[in-house]
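# Topology and contacts: notes
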Amino acid sequence: MESREDGREDNQMRQLACERNLLNRADGSARWSQGQSCVLAAVYGPRSTVGRKENPEQANIEVVFKPKIGFAGVEEHELEHVIRKTVEGVVLTSLHPRTGISVILQVLQNDGSVLACAINATSMALIDAGVPLKGLVAAVAIAVQESGGLILDPLLTEQKLARGMVTVAFVDAQPTEAGVPTEADTLTCTTSGLFSADQYLDSLNWGRTACSRIAAFCRVSLERYQRGSQMLA
Amino acid sequence: MEGKLVLPGENICPISEFDVGEGTFAREDFVCSALVGYVQIVNATSAGQASTITVMRGNEQTCVPKSGDIVTVKVVKINPRLASVDILCVGQRVLEESFSGIIRQQDVRATEVDKVEILSSFRPGDIVRAEVISLGDSRSYYLSTAKNELGVVSAKSVAGAQLVPVSWQEMQCPATLAKEYRKVAKTA
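Thresholds applied
The written sequence of each chain sets the order in which its residues are numbered from 1. Chain letters and ligand numbers both follow the written order, the letters beginning at A and the numbers at 1. Residues qualify for local features only when their pLDDT is at least 70, as the model is predicted, and side-chain atom pairs are given and counted only at 80 or more; totals for whole chains, interfaces and linings, by contrast, use all residues. Based on all heavy atoms of the structure, the side-chain values leave hydrogens and waters out of the count. UniProt positions are given in the numbering used here, feature names are shortened, and annotations may be inferred rather than shown by experiment. Where helices and strands are cited, they refer to DSSP runs of H or I of at least four residues and of E of at least two residues respectively, numbered from the N terminus. For the radius of gyration, the atom set is restricted to C-alpha positions; the globular benchmark scales as 2.2 Å times the number of residues to the power 0.38. In what follows, a contact means two residues having at least one pair of non-hydrogen atoms within 4.5 Å. Methods summary: accessible areas were calculated by the Shrake-Rupley approach with a probe of 1.4 Å, and residue burial reflects only the protein chains presented. By the counting rule applied here, Lys and Arg register as positive and Asp and Glu as negative, while His and the ends of each chain are not counted. The atoms used to mark charge sites are NZ of Lys, CZ of Arg, CG of Asp and CD of Glu. As used here, the term nonpolar core means buried Ala, Val, Leu, Ile, Met, Phe, Trp, Tyr and Cys residues forming a set that is joined through side-chain atoms within 4.5 Å. Exposure categories follow from relative accessible area, calculated using a 1.4 Å probe and restricted to protein chains: below 20% of the type maximum is buried, above 50% is exposed, and the middle band is partly exposed. Only strands that DSSP links by at least two bridges are regarded as paired with each other. Helix axes are fitted only over the stretch in contact, all axes being lines through C-alpha atoms; the angle between N-to-C directions runs from 0 to 180 degrees. What makes a salt bridge here is a side-chain nitrogen of Lys or Arg within 4 Å of a carboxyl oxygen of Asp or Glu, nothing more. The term polar contact refers here to a pair of N or O atoms within 3.5 Å; inside protein, the definition further demands a hydrogen-donor-capable atom paired with an acceptor-capable atom, and it admits residues adjacent in sequence only when both atoms are side-chain atoms. Nonpolar residues are Ala, Val, Leu, Ile, Met, Phe, Trp, Tyr, Cys and Pro. Charged residues are Asp, Glu, Lys and Arg, and all others, Gly as well, are polar. Either an automatic procedure or a domain database provided the assignment from which the domain bounds are taken. The pLDDT value expresses, per residue, how confident the predictor is, ranging between 0 and 100. Any angle that falls under 35 degrees is termed roughly parallel, while one over 145 is termed roughly antiparallel, one within 65 to 115 roughly perpendicular, and all others oblique. The crossing is said to be left-handed when, going from far helix to near helix, the turn is anticlockwise and less than a right angle, and right-handed when the turn is clockwise. Only the six-membered ring of Trp is used, alongside the rings of Phe and Tyr, when aromatic pairs are assigned; centres must lie within 6.5 Å, and planes under 30 degrees apart are stacked while those over 60 apart are edge-to-face, with the rest tilted.

In the annotation of an unreviewed UniProt entry, chain B is listed under the name S1 motif domain-containing protein and assigned to Cymbomonas tetramitiformis. According to its UniProt record, chain B has this under Subcellular location (unreviewed entry): "Nucleus, Nucleolus".

As named in an unreviewed UniProt entry, chain A is Exoribonuclease phosphorolytic domain-containing protein, taken from Cymbomonas tetramitiformis. The Sequence similarities (unreviewed entry) field of the UniProt record for chain A holds the comment "Belongs to the RNase PH family." Check the Subcellular location (unreviewed entry) section of the UniProt entry for chain A; it says "Nucleus".

### Observations regarding the overall build of chain B
Each helix and strand in chain B was counted, giving zero helices and 16 strands. The C-alpha radius of gyration of chain B comes to 22 Å, more than 25% above the 16 Å expected for a compact globule of 188 residues. Restricting the contact set of chain B to residue pairs at least 6 apart, pairs at least 24 apart contribute 47%. Carbon and sulfur atoms make up 50% of the accessible area of chain B, which amounts to about 10200 Å² in all. On chain B, the mean spot of the 20 positive side-chain charges and the mean spot of the 22 negative ones are 10 Å from each other.

### Regarding the nonpolar core
Ranked by internal contacts, the top residues of the largest apolar core, which has 58 residues, are A:Ile83, A:Val91, A:Leu105 and A:Val140. No other element matches helix H2 (residues 114–129) of chain A, which puts twelve residues into this core. Core analysis: the next-biggest nonpolar cluster, separate from the first, contains 26 residues, B:Val85, B:Phe122, B:Val132 and B:Val184 among them.

### Digging into the sheet that holds strand E5 (residues 30–33) of chain B
All names here are of chain B. Across the sheet, three strands lie side by side as E2-E5-E4; this open sheet has antiparallel pairing. Looking along the sheet, the strands with just one partner apiece sit at the ends: strand E2 (11–14) and strand E4 (24–27). In this sheet, adjacent strand axes meet at a mean angle of 30 degrees when their direction is disregarded. Here E4 pairs with E5 via four bridges, running antiparallel. Looking at E5, one finds that Phe25 is bridged to Cys32.

### Topic: the interface of chain A and chain B
Contacts between chain A and chain B engage 21 residues on the former and 17 residues on the latter. Where chain A meets chain B, there are zero salt bridges. Connecting chain A to chain B are four residue pairs in polar contact (both at pLDDT 80 or more). The element that contributes the greatest number of residues to the side of chain A that touches chain B is helix H4 (residues 197–232) of chain A, accounting for six residues. When grouped by side-chain class, the residues that make up the side of chain A that touches chain B number eight nonpolar, seven polar and six charged.

### Concerning the UniProt feature "domain: Exoribonuclease phosphorolytic" (unreviewed entry) in chain A
On the UniProt side, "domain: Exoribonuclease phosphorolytic" (unreviewed entry) is annotated at positions that read residues 12–132 of chain A here. A helix fraction of 27% and a strand fraction of 35% characterise residues 12–132 of chain A, whose end C-alpha atoms lie 31 Å from each other.

### Here's the deal with the domain arrangement of chain B
Structurally, chain B comprises domain 1 (5–61) and domain 2 (70–181). The straight-line distance from the C-alpha centre of domain 1 of chain B to that of domain 2 of chain B is 39 Å.

### Thoughts on the side chain of B:Ser157
Residue position: B:Ser157 is located in the loop between strand E13 (151–154) and strand E14 (164–165). Discounting residues that sit within four places of it in the chain, B:Ser157 has contacts with B:Leu163, B:Cys173 and B:Glu180.

### A word on unusual backbone geometry
Outside of glycine, negative phi angles account for most residues, and trans bonds account for most peptide bonds. Note the cis peptide between A:Gly45 and A:Pro46, where omega equals 0 degrees. Unusually for a residue other than glycine, A:Asp153 sits at a positive phi of about 50 degrees. Inspection of the secondary structure assignment puts A:Asp153 in the loop between strand E7 (150–152) and helix H3 (156–161). The phi torsion at B:Glu28 lies on the positive side, around 50 degrees, for a residue other than glycine.

### Here we look at the confidence of the model for chain B
Taken as a whole, chain B shows an average pLDDT of 89; of its residues, 98% reach a score of 70 or greater. Across the whole predicted complex the pTM is 0.73, and at the interface the ipTM reaches 0.75.

### Concerning the packing of helix H1 (residues 74–90) of chain A against H2(A)
All names here are of chain A. Axis separation between H1 and H2 bottoms out at 11 Å; the angle between their running directions is 40 degrees. One element, H1, and the other, H2, form an angle in the oblique class. The handedness of the crossing between H1 and H2 comes out as right-handed. Residues Leu79, Val82, Ile83, Thr86 and Val87 of H1 pack against Leu115, Ala118, Ile119, Thr122 and Leu126 of H2. Along the lines of polarity and charge, the residues of the contact of H1 with H2 split into eight nonpolar, two polar and no charged.

### Comments concerning the packing of aromatic side chains
Inspection of every chain in the model, using the stated rule, returns three aromatic pairs over all chains. Both rings, one in A:Phe195 and one in A:Tyr200, keep their centres 6.4 Å apart while their planes meet at 15 degrees; by these two values the pair is stacked. The exposure class of A:Phe195 is partly exposed, given its relative accessible area of 21%. By relative accessible area, A:Tyr200 is classed as partly exposed at 27%. For the pair B:Phe99 and B:Tyr141, a centre-to-centre distance of 5.8 Å together with 80 degrees between the ring planes defines the contact as edge-to-face.

As structure tokens, then:
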């Protein structure tokens, strides 16, 4: 089997890293990196909103996606939309009517899978801000190669050579106290490029497995952070 | 189960056992956590009612003034209509960050409400015990001192000495023996 340019297996993630509570003016913040890809997320809110944004039934969610260089264009606005829909799916918005939650995302480095990276960063920043969530969100990208094979968490170079891309986000499957895991809910799924139905379904399965591993990482990270902050207090 | 660290989406217990409280939500037959925090059980206040499960974040200020609470405040600014104050304590608990509140002219005392003069009731720097009457507007809580046990508990005179209460409306400076007007709290 031909190995990938950074020596990973096809279904292997890059190394994950997460740091929270970096920004002192934001209610919550997180920096999430997958290998060389890195996104900084800041969450403000729930805070008061005015005018058109004010919804009497639920919190209004606003996402701003800033690329590493230059101004946000059509591509960034599309990503903003996807991230907003994802956040709306997981935040208990009905608990905070007439308020707004702003998510600001800044790409620090783009080495592929930046949407997945941004969703993961958003999830951790929301948790840091204490926004009530239905569960942990984890996202991952899968690229369909020219040869038809799938690769997990593609690099930017792999992404450019790929025939298609699938990015999936799941609300994590949480083992209950009885030890029976609940089914992970698909939260978001976006695709680009051309591939077959089988390849699509395979990548969803890959995504599901990878996301549960990412969620496990989040869980360890959160527990360690919480224990650490408790020791400081 | 109490004190356990939970993460968003984690099942805490079957919904049949407890009611859903702050920081949790119901999903199918379980009470789930919506935050990263520690499980707390709030016991039922009346018989026949189930206890409530809440999830508290470890690092945040959990004490917030609510209507009916007795608070300890410091007067920061006065004008003929109201006194602006900083809420420093709620009940026995000291706040990490103060909240702003106002005591309106009509809330200073219980009788002869329209004859109240703010300037002869409070002075900036006074420590006052007050009751929260409402959450007020977006800027400040509305407070009241319209009870015998509420009002100024500690104040300094113009000369800088600690004032001693002499009646419910007057305090005296031990250094100059000058009397100053205050809405004095009757302390036990």
